[in-house]
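Structure assessment
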Amino acid sequence: MLAGLLPAIVQADTLAVTNAKIYTSTDQGVLTNASVIIEDGKIIQVNPEVVTADTIIDAKGGILTPGFIGAMNSLGLVEVSQEKMTRDTNDKAADMTFDPSLAFNPKSVAIPFARKGGITRNIVAPGGGETIFSGQTIEVTLTGDWDSVIATEQALFVSLGAKHDGSRIIGMQNLINKLDERQKALTKAKSKKSDKDAAKDPTKEELIINAVLSGDKPLIAYADRGSDILQLIKLKQRFNIDLVLLEAADAITLADEIAKAGIPVVMDALRNLPESFDSLHNSLDNAGKLSKAGVKVVLATPGDAHGNYALRYSAGNAVANGMDYQEAMASITSNVADTFHLDAGRIAVGMPADIVLWSGDPFEYSSHIEKMWIGGEEQSTESRQDVLRDRYMTKSSMPQAYTK
């Protein structure tokens, strides 16, 4: 009788998903009628000959993918875009030390909605202030738990290009000067260790630039026009930095140079019209053309807190406009992980068990998530939108406002 009163606390040590079509986002490619076994939050076997696990889930031919990774958006920093009091993306005083982790809200209603789109991790980007230095990115999981922030001060984000007042020259010049001055200071400090200046503790900004110059911290540069992109390619060659281009509408005109320089491009595949004189080459087929030219492409919904849900549709549109399907899958999984140096984005032994089981093609509108795990823990895919739908669809003899 006592045993019957105790809560059920027995948990499976290992879990297997069998009979699935697995998009690994690795050199293994796509595996059919395959299995994955996870334990303690990690993938411990991929397609073993014999499946042994405490819990076995038959995918019945469903598609299993790595969890998708959103990038360069404001998820967790914005609740209602048109309400200033709910936006923490920007501030006039923001500089390169601007840290989104200090305001990231894992309980944001936008996070469960993003999970419904298969997103398990995200790179949150700051919106910045009045200088070219917008701040630094952070990496988060989409569990909704208070400890969702995995890494802070991950990459330095700069915004370049056309200005409503003044010249684009000042922004590019400022970036070049910052890198140049810091490189000279580091060289001087190495050669004169007894110098008083060398003994001074570096400022926070100097440490950030030091990390960019050493290659430990990527520099993410927003730029659309080809002339700005060309200057950035020269900047990478001169300082040997880990450069990432963001948006880069004119990248298609410099595809060979970007591929040769090994610079990834984070872009919105749905930009199909010129938004300014800087983005005259926006086109739906840019992602496919860049990928075919050898550029590592990351598809994203930059700057948006609520659009992450649609990331998989963005990938589907890229495929419809010429991008190889597996390249599109990589562009929202392994390419994001490689570009931002994440331990995620692949179904491989030793990787975190961030995986999603789909009812069908994840890039297809009519498909939905059957099950999702982050770090081996099954996640809910219920969003506020679902709750509201159920509330207002519930039949009641009372007025609708009484329905909970």
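Scroll up a little and you will see the structure.
Residues numbered from 1 in each chain as written. Predicted model: local features only at pLDDT ≥ 70, side-chain atom pairs only at ≥ 80, totals over all residues. Heavy atoms only, no water.

1. Overview of the packing of helix α3 (residues 168-191) against helix α5 (residues 204-214)
Stated formally: Every axis in this analysis is a line fitted to C-alpha atoms, fitted for helices over the stretch in contact. Angles between the N-to-C directions lie between 0 and 180 degrees. Elements are defined by DSSP. Helices are runs of H or I of four residues or more, strands are runs of E of two residues or more, and each kind is numbered from the N terminus. The cut-offs work like this: below 35 degrees is roughly parallel, past 145 is roughly antiparallel, 65 to 115 is roughly perpendicular, and the gaps in between are oblique. The criterion used for residue contact is that any of the two residues' heavy atoms lie within 4.5 Å. Classes in brief: Ala, Val, Leu, Ile, Met, Phe, Trp, Tyr, Cys and Pro nonpolar; Asp, Glu, Lys and Arg charged; the others, Gly included, polar.
Running from N to C, α3 and α5 point in directions that differ by 90°, and their axes come no closer than 10 Å. The angle between the axes of α3 and α5 places the two elements in the roughly perpendicular class. Across from K178, L179, R182, Q183 and L186 in α3, the residues of α5 making contact are E205, E206, I209, N210, V212 and L213. Across the contact of α3 with α5, the residue classes tally to five nonpolar, two polar and four charged.

2. Quick word on the pairing of strand β11 (residues 156-159)
Put simply, the rule reads: By this definition, two strands are paired if DSSP reports at least two bridges between them.
In this sheet, β11 lies alongside strand β8 (residues 133-136) in antiparallel orientation, the contact comprising three bridges. Note on β11: the bridge partner recorded for Q136 is L156. Sheet analysis places β11 next to strand β12 (residues 219-223), joined by four bridges and oriented parallel. Bridge pairing in β12 links S159 to Y222.

3. Brief notes about the sheet that holds β12
Here six strands make up an open sheet; going across it, the order is β8-β11-β12-β13-β14-β15 and the pairing mixed. Single-partner strands in this sheet number two, and they are β8 and β15 (297-299). Direction aside, neighbouring strands of the sheet carry axes that sit 25° apart on average. The sheet contact formed by β12 and strand β13 (residues 243-247) spans five bridges and is parallel. The partner of A221 across the bridge, within β13, is L245.

4. Considerations on the environment of D343
Here is the rule: The rule is simple: take the accessible area with a 1.4 Å probe, protein chains only, and divide by the maximum for that residue type; under 20% is buried, over 50% is exposed, in between is partly exposed.
Structurally, D343 is set in the loop between α11 (334-340) and β16 (355-358). Overall, the relative accessible area of 39% leaves D343 in the partly exposed class. When the C-alpha atoms of D343 and G215 are compared, they prove to be 18 Å apart, with 128 residues separating the residues in sequence. In contact with D343, other than residues within four places in its own chain, are K42, R121, M351 and P352.

5. Quick word on helix α9 (residues 311-320)
Extensive coverage of α9 is indicated by the burial of seven of its 10 residues. Along α9, the residues that are buried comprise L311, R312, Y313, S314, A315, G316 and A318. For α9, the secondary structure elements touched by its buried residues are β6 (68-73), β7 (119-124), α8 (286-292), β15, α10 (325-331) and β16. Following α9 by one or two positions, G322 has its phi on the positive side, about 115°.

6. Describing the side chain of S383
One can find S383 in the loop between β18 (377-378) and α12 (384-393). Taking the relative accessible area as the measure of exposure, S383 reaches 2% and is therefore buried. Beyond its immediate stretch of four places on either side in the chain, S383 contacts P112, F113 and K116.

In short, the description is geometric, and any link to function would need to be established separately.
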